[in-house]
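Descriptive analysis of the structure
As a plain string of letters, each chain reads:
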Amino acid sequence: MSAVYRGFDFFASGELPAPQLSESEAGTVGTEMLGRPVTARSLGSQQDANFLLEDDLGGPLGVLKVPNEAFTAEELDAQTAATARLAGALPDLRFPTAVPSTRPRDLPDGCGHARILSFLGGGTLNGSGYLHPEVIRRLGTIAGRVSRALATFEHPGTERTLQWDLRHAGRVLTLLAPSVRDPARRRVVDRTLSSVWPLVEGLSSELRLQVVHGDLTDDNVVCTAEATLRRPDGVIDFGDLCRSWTVGELAVTVSSMLHHDGMTPRDVLPAVSAFDREQPLHDAEIDALWPLVVVRGAVLVVSGTHQVEIDGSNVYAASGLEREWRILDVAAGVPFDVMRAAIRTALGRTTEPATLPPGHRALVAAPGALTLDLSSTSAALDRGRWLEPDVEHALATDALDAGAPAVTTAFGEFRMTRSVPLSTTAPATAATGVDAWFSADTELRAPWPGVVSRDGEGVTLRGDEHVLTVAVDGHTADQPTATVATAALIGSVPARTRCRITVRLVRGAYGSAPDLPEFVLPDELASWRSVACDPTALLSDRVLSESRTDDADLLLRRRAASFATVQEHYYASPPRIERGWREHLISTTGRSYLDMVNNVAVLGHGDPELADAVARQMLLLNTNSRFVYESVVAFSEQLAATLPPPLDTVFLVNSGSEADDLALRLAMAATGRTDVVAVGEAYHGWTYATDAVSTSVADNPTALSTRPSWVHVVDAPNSYRGKYRGLDARRYACDAAAQIERLAETGRAPAAFICEPYYGNAGGMPLPDGYLETVYAQVRRHGGLCIADEVQVGYGRLGRWFWGFEQQAVVPDIVTVAKAMGNGHPLGAVVTSQPVADRYRTQGYFFSSAGGSPVSSVVGSVVLNAIRERNLQANARDVGAHLIARLQALADKHPIIGTVHGSGLYLGVELVRDRETLEPAVEETDRICERLRHLGVILQATGDRLCVLKIKPPLLLDRAGADFFVDALDHVLATGY
Ligand code: PMP
């Protein structure tokens, strides 16, 4: 490093408009430099001019970079040397190299440093689309690796004074802030300068220095796309290379993520951890990180605003401004103490929760306080009570009425009462304080000495280290501040009035601790604990629960310990769901999800009528169907009445698998045969016989090669992507009939043909017109029976038809049903004709201990009646039609939607990479489901290729729910996944 060398100095040079070079001039320069005809396309830059040079076929030849003439040759040499160092040290990453070229004889003014670098394909992460966590992590890793590789790099050309070097941010902000004319925005910048920058300055002596890329952002990484996921694997634009703070490199990378769709400060934590793994951060660097992120945001907005001011034609700078404001707003939207704790936790460093001062006294004497349960498992919140306005106060006064002298809430509880149905963002449900109600007027006494003040909000006691606030509903007393001793009277709470008690530290890691919001996001609670104390001990000598945490991870580990791995669960890190209400599922953190997948819960979750009926019958009698009682008879009659003749005989079992298994055995017994014909891409259950006829490779990858010899598989009649499509799909029936014919000829005429009458497992697709008519006729011609598996598609879900076979205008010999029948209670049935049923005698007698029990039968009747009385089939038809129309409209916008299958509330959105080849968008489907979950929708993939979004919500789904889902899907498809 040379002491005499002095590179560019922003503060000495003043304004730096980008070199003025048109695309045609750049084309001329490029043509001369490369010695072949090229065309140039501007790539934009704030202070330089960059052009993509292409040959006449549009093939990229390189990037013409025209650095601002204010920069010296030494500085450009440093950039070339640093790139070479990185290319050597990080061979798996891509870096731009110089393209051999000749110097043009006479360059336009201001273009003296023009050079051509190799073009790295794949595109950057520009735009504000969604950043996948994996991409965020990789950005952090790349920044960390670049930082480590440059840590020992030295070059005199890195000694320069750039406006982007965060060490100079204070001066840059002072100089350029006047460009920001909007008063509100100006205040944000001024606040950064007056209260954030000093935090950085205070830590600056402890921050390591080294050469940094200085602009390692979403815009300056290039990517390789895998299944439309852009994975960064290269770094471009070394124009801001300089000596600066090591942690500044990370602050720049992190801030560049914050304008992306849906980003919250916490979402960048994977990048910070990834950086730390490559380039471990020191404590002071961790403390400086978030202030630096905010400072970087402010530098971006003042620089961008200034650049537009001096260079109105710089479209690049102008178009970036809104994004830059977003970065600053998001970064500044979270208190430093909270982010510091979150970062430290993410990096495995310790953070201590704040505690009450030792030796504190009680705030109130509240013996025997009862703690309300407002969590997602609270019985008091059943039957939708959690949605009633002011339900917390109502529950508290109920408890006081019942004799409790005082009622409190639990600190840190994730309150379901704060959950918001149909919300794309997680609600703040974690309580940072405790609410209390007293049966009588109650005095408040100072738990420690301090200064007390009272205002419209309530009472505040400021001690040396702790601030206590007691916010009292309707508080009016306004009194002067006073210094008080421990146990002094500081206020009172009227009987049966809610007060809200919080204690926060006076000082946090950065000076004054932030004010506490009443509720914070569940994820953020642990971070807020660095400044928020649990005030429970002030209310009684009993120390109540510590903050409740979401123990979804622990539960997952316990589950793994007692479950087999073949018993899979939805999602890699699933939410813990303990509550359902109508079409909503609510996690233990109070996040409400729209349930688009539960075809079992036709009536919705938590149905009070059903719950009451079960409880009543359970208390009355629950036994087995060898006893004679009415409910099983009544339900069997009711069920049979939904079916056409001759289907009049009912067997009640406990599941779809059992129903299909029994159906197969009935057919075998009735025909005296053992061969069965099944269709491809089907699922019928897990028992030995139903597994044998299940052919879906999504459920069992070896399904097709491991069928027992008695199972004969005909082609999946998939009219969208099978061997016959569109009108041609009629040929599946002929092929199947021919195959059955051949079986009969070889003496293996089938006992049964089993098939879903509407193709649920393939994604809610109708069978080709006339399919069942032809195949059933052929099966019957050879003496076999036809089984319709209505487990998924029957019972009103299809909207227009109660039973799937009605769509095909056939009547099966045996119908199986389950799922919807019990609304989650284990209930299945086989319905057939008396003669077929009677033949079962040849295999002994039939008995199922719980099948048709009084409770099951009552459930069956309540569900069937409710479907009728609540018009759920009509609702499925109407809301389904609305959903289909909206989804089809989405298909016009998003080419990934290959088609929309289905009817009523059984729909499938099939996702493809190409509408011609129909290449299944498998990884995309998975990522879309994952992102939808974060937006509040539970949805899963189905079909043999797992590229169909299966839409089969509770039948009470209304238009608002349908619209919420489609809007969320639209958003995901538009912003990325
Ligand atoms: N048949 C079909 C068409 C199914 O979708 C299922 C379950 N997915 C079954 C049978 C088996 O039902 P169960 O899980 O109740 O045993």
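These numbers come from a predicted model, not from an experiment.

A closer look at the site of the ligand
- Taken together, Ser 655, Gly 656, Ser 657, Asp 660, Tyr 683, His 684, Gly 685, Glu 756, Asp 789, Val 791, Gln 792 and Lys 819 are the residues near the ligand.
- Between the ligand and Gly 656 there is a distance of 2.8 Å, counted from an oxygen atom to a backbone nitrogen or oxygen.
- At 3.5 Å from a nitrogen atom of the ligand is found a main-chain nitrogen or oxygen belonging to Tyr 683.
- Surface burial for the ligand is 82%, taken as the share of its 390 Å² of free accessible area covered by protein chains.
- A breakdown of the residues in the shell around the ligand according to their chemical character gives 2 nonpolar, 6 polar and 4 charged.

Side note on the sheet that holds strand β28 (residues 676-679)
- Across the sheet, 7 strands lie side by side as β27-β35-β34-β33-β30-β28-β29; this open sheet has mixed pairing. Bordering the open sheet on either side are β27 (649-653) and β29 (711-714), each of which pairs with just one other strand. Each strand axis lies, on average, 20° off the axis of its neighbour in the sheet, ignoring direction.
- As paired elements, β28 and β29 share 4 bridges and run parallel to each other. Bridged to Val 677 within β29 is His 712.
- Here helix α19 (residues 731-745) sits on the sheet and contacts β28 and β29; the angle it forms with β29, its principal contact strand, is near 155°.

Points about the pairing of strand β33 (residues 785-789)
- With 5 of its 5 residues buried, β33 lies for the most part within the structure.
- Here β33 shows no split at all, with Leu 785, Ile 787 and Asp 789 on one side and Cys 786 and Ala 788 on the other all buried.
- Where strand β30 (residues 752-755) and β33 come together, 4 bridges link them in parallel fashion. Following the sheet pairing, Cys 755 is matched in β33 by Ala 788.
- Direction of pairing for β33 relative to strand β34 (residues 814-817): parallel, over a ladder of 3 bridges. Pairing of Ala 788 across the sheet is with Val 815, part of β34.

A few points about the packing of aromatic side chains
- Per the counting criterion, the structure on display carries 15 aromatic pairs.
- Ring centres of Trp 197 and Trp 245 lie 6.4 Å apart, and the angle between their planes is 40°; on these two criteria the pair is classed as tilted. In this pair, Trp 197 is assigned in helix α6 (residues 183-203) and Trp 245 in strand β8 (residues 242-245), connecting sequence segments 48 residues apart. Trp 245 shares its class with Trp 197; the two are buried.
- Considering the side-chain rings of Tyr 795 and Phe 802, the 5.3 Å spacing of their centres and the 40° angle between planes classify their relative orientation as tilted.
- Here Tyr 795 falls in the buried class, since its relative accessible area comes to 0%.
- Linked through ring pairs, Tyr 795, Phe 802, Trp 803 and Phe 805 together constitute an aromatic cluster.
- Here the guanidinium or amino end of Arg 160 rests over the ring plane of Phe 71, the centre of that ring lying 5.0 Å away.
- Sitting over the ring of Tyr 571, Arg 933 keeps its end group 4.5 Å from the ring centre.

Looking at helix α25 (residues 922-934)
- In this model, α25 (13 residues) spans 19 Å end to end at C-alpha, consistent with the 18 Å of a helix rising 1.5 Å per residue.
- Residues of α25 that are buried: Glu 924, Thr 925, Arg 927, Ile 928, Cys 929, Arg 931, Leu 932 and Arg 933.
- Phi turns positive, to about 95°, at Gly 936, one or two residues after α25.

Things to note about the confidence of the model for the protein
- Of the residues in the protein, 98% have a pLDDT of 70 or more, and the chain-wide mean is 95.
- Under a pLDDT of 50 for its full length, residues 543-547 has, in the predicted model, 13 contacts with residues more than four places off or in other chains.

Observations regarding unusual backbone geometry
- At the junction of Pro 645 and Pro 646, the peptide bond is cis and its omega measures out at 5° in the coordinates.
- Relative to the assigned elements, Pro 646 resides in the loop between α16 (630-641) and β27.
- One non-glycine residue, Arg 496, lies in positive phi territory at about 60°.
- If you check the backbone angles, Asn 871 has positive phi at about 55° while not being a glycine.
- Mapped onto the fold, Asn 871 is located in the loop between α23 (854-869) and α24 (872-893).

Quick look at the nonpolar core
- Counting residues in each nonpolar core, the largest one holds 129 residues, and the members touching the most others are Val 272, Trp 290, Ile 343, Leu 363, Leu 468, Val 470 and Ile 490.
- The element contributing the most residues to this core is helix α9 (residues 283-310), with 14 residues.
- Residues in contact with Val 272, not counting those within four places in the same chain, are Leu 250, Val 254, Leu 281, Leu 289, Ile 343 and Leu 347.
- Formed by 97 residues, the second largest nonpolar core is a distinct cluster that contains Ala 613, Ile 740, Ala 876 and Leu 905.

Thoughts on helix α10 (residues 315-332)
- Taking 1.5 Å per residue, 18 residues should reach 26 Å; α10 reaches 26 Å between its end C-alpha atoms and fits that length.
- Of all the bends in α10, the largest measures some 40° and sits at Leu 321.
- Residues of α10 that are buried: Ala 317, Gly 320, Leu 321, Glu 324, Trp 325, Ile 327, Leu 328, Val 330 and Ala 331.

What about the layout of surface pockets?
- When its volume is computed, the second largest pocket comes out at roughly 1,100 Å³.
- Around the second largest pocket sit 45 residues that line it, and Gly 44, Asp 219, Asn 220, Asp 237 and Tyr 316 are the ones nearest its centre.
- Mapped onto the lining of the second largest pocket, the elements with two or more residues apiece are β2 (49-54), β3 (60-66), α9 and α10.
- Residue composition of the lining of the second largest pocket, grouped by class: 15 nonpolar, 20 polar and 10 charged.

Considerations on the pattern of salt bridges
- A complete count under the given rule lists 55 salt bridges for this structure.
- A salt bridge links Glu 134 to Arg 137, with the shortest nitrogen-to-oxygen separation between them at 3.0 Å. Of this pair, Glu 134 and Arg 137 both sit in helix α4 (residues 133-150), separated by 3 residues, roughly a single helical turn.
- Classification of Arg 137 as partly exposed rests on a relative accessible area of 33%.
- Between Lys 723 and Asp 715 there is a salt bridge, and its shortest N-O distance comes to 2.9 Å.
- Given the relative accessible area of 38%, Asp 715 is considered partly exposed.

Definitions and limits used
- Residues numbered from 1 in each chain as written.
- Predicted model: local features only at pLDDT ≥ 70, side-chain atom pairs only at ≥ 80, totals over all residues.
- Heavy atoms only, no water.
- Near = heavy atom within 4 Å.
- Polar contact = N/O pair within 3.5 Å; in protein donor to acceptor, adjacent residues only side chain to side chain.
- Areas by Shrake-Rupley, 256 points an atom, 1.4 Å probe, with all protein chains shown as cover.
- Nonpolar A, V, L, I, M, F, W, Y, C, P; charged D, E, K, R; others polar.
- Pairing = 2+ DSSP bridges.
- Helix = DSSP H or I, 4+ residues; strand = E, 2+ residues; numbered from the N terminus.
- Axes fitted to C-alpha atoms, helices over the stretch in contact; angles between N-to-C directions.
- Contact = heavy atoms within 4.5 Å.
- Buried < 20%, exposed > 50% of the residue type's maximum accessible area, 1.4 Å probe, protein only.
- Phe/Tyr/Trp six-rings, centres within 6.5 Å; stacked < 30°, edge-to-face > 60°.
- Lys NZ or Arg CZ within 6 Å of the ring centre and 35° of its normal.
- Expected span 1.5 Å × (residues − 1).
- pLDDT = per-residue confidence, 0-100.
- Core = buried A, V, L, I, M, F, W, Y, C linked by side-chain atoms within 4.5 Å.
- Bend = angle between axes of the 7 residues up to and from the residue.
- 1 Å grid on protein atoms, 1.4 Å probe; cavity = no way out; pocket = protein on both sides within 12 Å on 5 of 7 lines; lining within 4 Å.
- Points joined across faces, edges and corners; volume = space filled by probe spheres on them.
- Salt bridge = Lys/Arg side-chain N within 4 Å of Asp/Glu carboxyl O.

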